[in-house]
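Structure assessment
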Amino acid sequence: MAKFLIVIRSAIHFSHCSSVIEEISKKNIVKLVFMKDSEVNNYLYKIEDSNSGKILIKKNKVSKKIQTLISSKNNIEIIDGVHRKDKWNKLLRYLRETLSTISFIRRGDESVFFLNQKKYAPGIVQLLNKYKITNKIINTKLFFLILKKIHNLIPSSKRIKNFINEVNPDVVLVIGANWSSSYNNFSSEIDYIKASKELKILNIIQIISWDNLTARGLYHYEPDLMLVWNKNHEEEANKIHNIPLNKIKIIGSPFMDKWFDEEKEIETKSSFFKKLNLDEKKPLITYLGSSKNISTNESDFINKIYIHLKKEGVQLIIRPHSANSEQFNHLDKNIKVFPKKGDIPDTEESKKTMLETIKYSIATAGINTTAMVDSIILKTPSFVIDNEENINNQQMTPHFKKLYNDNIFIKYENYSEFSKKIYSIINKGVPQSAMEKMEEFAESFCRPYGYNVSAGERTLFEIKKFLK
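As a starting point, this report considers the structure included with it. (Residues numbered from 1 in each chain as written. Predicted model: local features only at pLDDT ≥ 70, side-chain atom pairs only at ≥ 80, totals over all residues. Heavy atoms only, no water.)

Details of empty space enclosed by the protein
Tallying each qualifying case throughout the model produces two cavities of 30 Å³ or more. Forming the walls of the largest cavity are 15 residues, and the residues nearest its centre are Arg96, Glu97, Asn178, Trp179 and His220. Where the lining of the largest cavity is concerned, the elements lending two or more residues are α2 (89-106) and α8 (189-198). Take the lining of the largest cavity: its biggest share by element is three residues, from α2. In terms of residue class, the lining of the largest cavity is made up of four nonpolar, eight polar and three charged. Looking at the second largest cavity, its volume works out to about 60 Å³. What lines the second largest cavity is Trp210, Asn230, Asn232, His233, Glu236, His399, Lys402 and Phe445. (1 Å grid on protein atoms, 1.4 Å probe; cavity = no way out; pocket = protein on both sides within 12 Å on 5 of 7 lines; lining within 4 Å. Points joined across faces, edges and corners; volume = space filled by probe spheres on them. Helix = DSSP H or I, 4+ residues; strand = E, 2+ residues; numbered from the N terminus. Nonpolar A, V, L, I, M, F, W, Y, C, P; charged D, E, K, R; others polar.)

Some words on the sheet that holds strand β14 (residues 336-337)
Judged by pairing direction, the sheet is parallel, and its six strands sit side by side in the order β14-β13-β12-β15-β16-β17 without closing on themselves. Bordering the open sheet on either side are β14 and β17 (410-412), each of which pairs with just one other strand. Pairing between strand β12 (residues 284-288) and strand β13 (residues 315-319): five bridges, direction parallel. Opposite Leu284, over in β13, you have Gln315 as the bridge partner. Sheet contacts for helix α12 (residues 299-311): β12, β13, β16 (382-385) and β17; angle to β13, the most-contacted strand, approximately 155°. Sitting on the sheet, helix α14 (residues 370-377) touches β12, β15 (363-366) and β16, and the angle it makes with β16 is about 145°. (Pairing = 2+ DSSP bridges. Contact = heavy atoms within 4.5 Å. Axes fitted to C-alpha atoms, helices over the stretch in contact; angles between N-to-C directions.)

A closer look at the packing of α14 against helix α18 (residues 432-446)
Look at α14 against α18: their axes get within 8 Å of each other, and the N-to-C directions meet at 120°. What the angle tells us is that α14 and α18 run oblique. Residues Val373, Ile376 and Ile377 of α14 touch α18, and the partners they reach there are Met438, Phe441, Ala442, Phe445 and Cys446. For the contact of α14 with α18, the class distribution of residues is eight nonpolar, no polar and no charged. (Parallel < 35°, antiparallel > 145°, perpendicular 65-115°, else oblique.)

Things to note about the sheet that holds strand β8 (residues 171-175)
With parallel pairing, the seven strands of this open sheet are ordered in space as β7-β2-β1-β8-β9-β10-β11. Every other strand in the sheet has two partners, leaving β7 (76-78) and β11 (248-250) as the edge strands with one partner each. The mean inter-strand angle of the sheet, taken between neighbouring strand axes irrespective of direction, is 20°. In the packing of α8 onto the sheet, the strands contacted are β1 (3-8), β8 and β9 (202-206), and the crossing angle to β9 comes to about 155°.

Here's the deal with the environment of Lys269
Summarising the element assignment, Lys269 is placed in helix α11 (residues 269-275). With 110 residues separating them along the chain, Lys269 and Arg159 place their C-alpha atoms 54 Å apart. What Lys269 contacts, discounting residues up to four positions off in sequence, is Glu280 and Tyr360.

Brief notes about the pairing of β1
In terms of burial, β1 is a largely internal element, five of the six residues being buried. The pairing of β1 with strand β2 (residues 29-34) spans six bridges and is classified as parallel. Looking at the pairing, Leu5 lines up with Lys31 of β2. Sheet analysis places β1 next to β8, joined by five bridges and oriented parallel. Directly across from Ile8, in β8, lies its bridge partner Ile175. (Buried < 20%, exposed > 50% of the residue type's maximum accessible area, 1.4 Å probe, protein only.)

Brief notes about the packing of aromatic side chains
One pair of aromatic rings is described through two measures. These are the centre distance and the angle between the planes. Evaluated as defined, the whole model comprises 12 aromatic pairs. Ring centres of Phe272 and Phe338 lie 6.2 Å apart, and the angle between their planes is 65°; this geometry places the pair in the edge-to-face category. With Phe272 in helix α11 and Phe338 in the loop between β14 and α13 (348-359), this pair connects stretches of sequence that are 66 residues apart. A relative accessible area of 0% places Phe272 in the buried class. The buried category is assigned to Phe338, whose relative accessible area is 17%. Through a chain of ring-to-ring contacts, three or more aromatic side chains come together here, namely Phe272, Phe273, Phe338 and Tyr360. Arg106 extends its terminal NZ or CZ atom over the ring of Phe144, reaching a point 5.6 Å from the ring centre. (Phe/Tyr/Trp six-rings, centres within 6.5 Å; stacked < 30°, edge-to-face > 60°. Lys NZ or Arg CZ within 6 Å of the ring centre and 35° of its normal.)

Below, the structure written as C-alpha cells:
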C-alpha cells in the first residue's frame with residue numbers, strides 16, 4: 001500500500017481528478033491538499049472541518065444548500081497544504097510569467113489566451129513586446145534559455161520540502177501546475193515538483209483540461225511523469241513544454257470519465273420538458289455559453305438564432321458557462337436560461353441536469369466551450385458558427401482549432417444555414433456516419449484504451465508500472 005500526496009490547484013478542480021482519486025484510494029493511502037478555495041457565480045467551493053475530519057463542500061450562496069464533494073474517510077484524508085513564501089517569490093513570478101509570455105510569442109499564438117497571459121507579464125516585458133527591435137530579442141531562443149537557466153538555479157522552497165517530508169509520501173501527484181501568479185497570489189503547485197525531485201520522491205503532473213497545455217502558462221519544472229489525455233496532448237506537452245516523450249503517458253480524460261459511467265437514472269423527457277415549461281412535441285436546441293476569455297457578448301447572437309429557430313418550430317434554451325452567466329441578463333424574455341447562473345457537473349444532481357439537457361436536445365450549439373465536447377461524447381451533435389467574427393475565439397485557439405479542422409462539430413456560416421441544417425436533423429435524424437464520427441472522437445480523445453477503461457484506472461496502472 002503506497003502513500004500518495006495529491007496536490008490540487010483549486011477546490012473547484014476536484015471534478016477534474018475525482019476518478020483518479022477514487023481509483024488510487026481503493027488500495028492506497030491518499031493525503032489530499034487543495035491549494036485554494038474557489039468562488040464561481042452562486043457557488044462557493046471550500047474546505048471545512050467536520051466531526052470526521054476535513055471535507056470539501058459546494059455551497060449555493062443563494063439557496064444556502066450545501067453538498068459534500070469529498071470527505072476524509074477510509075484511505076482519504078484532506079489536509080492543509082503550504083504555499084511557497086520566501087524571498088524568491090517575486091523573482092520567480094517575474095521569470096515564470098515572462099517565460100510563459102515568450103512561449104506564446106515564439107509559437108505565434110495570438111489567441112485570447114495570449115492576451116490574458118500578457119496581463120501577468122512584468123511591465124517591462126509588455127513594453128518591449130510593443131516594439132519590433134526589442135521584440136526580436138525577447139523572441140530569441142537564447143534569451144529564453146538564459147531566463148530558464150536563472151529560473152532553475154533558484155533553490156526550492158524549504159517550507160514545501162519540510163511539508164512533504166512530514167507527509168512522507170511515496171508519490172506526489174500535482175493537478176494544475178501551470179497557472180499564472182499575480183502579485184498577491186503566488187501559484188505554488190509547480191514548486192511541489194521541484195521539491196519532490198530533490199527529495200527523490202516520484203513526482204507526477206496530471207493535465208487538468210482539454211485546453212490546459214495551450215491556454216495556460218508553461219510547466220516550469222520537468223516531472224518524472226506527465227499524464228495526458230490523448231495524442232494531441234502528448235504532442236503539445238512535448239513541443240510546447242519540452243517534456244521528453246518517454247516521460248509522457250496517455251491515460252484518457254479523468255474529467256470526462258463521468259460521461260462513460262453506466263447510464264444514470266435521469267428524469268423522463270416528459271418531466272424534464274414540463275419542469276422547464278417546454279412543449280414536448282417540439283424539438284429542443286441547447287446553446288452552450290462560453291467563458292469570459294472567449295466571449296462576453298453572446299446575447300445578440302442568440303437572440304437572432306432564436307428568431308430563426310422559432311420560425312421552424314424549434315425551442316431554444318441557454319446553458320451558461322458557470323463563470324459567465326451575467327452576459328445573458330438581457331436576452332429576449334422568452335428564451336429560457338437553465339440553470340440560471342450555470343453550474344459545474346460535479347455533483348450527482350448537477351451531472352444529471354446536464355445529462356438531461358444534452359440528451360433531450362436534438363443538437364447543441366456554441367462558439368468554443370468544453371460543454372461542446374461533452375455534447376459530442378454524449379452523442380448529441382454540436383453546431384459551431386463559421387465566420388470571420390469568431391475567428392480569434394476559434395481558429396486562433398490551438399486546442400479548438402484541431403477539433404474544428406477535424407470537423408467534429410457541424411459548421412454553419414449564417415442563421416439561415418443553421419436553420420436548414422437543424423431542419424434536416426429534425427426530419428432525417430443524425431446521419432449514421434456522424435454518429436460513428438462522434439463515437440470515434442470520444443474514444444480517441446477521452447478513452448484511448450477503450451470505452452470500458454477509465455482514465456482513473458489507467459492513471460493507477462501507469463503509476464504502479466513506474467514504481468515497479
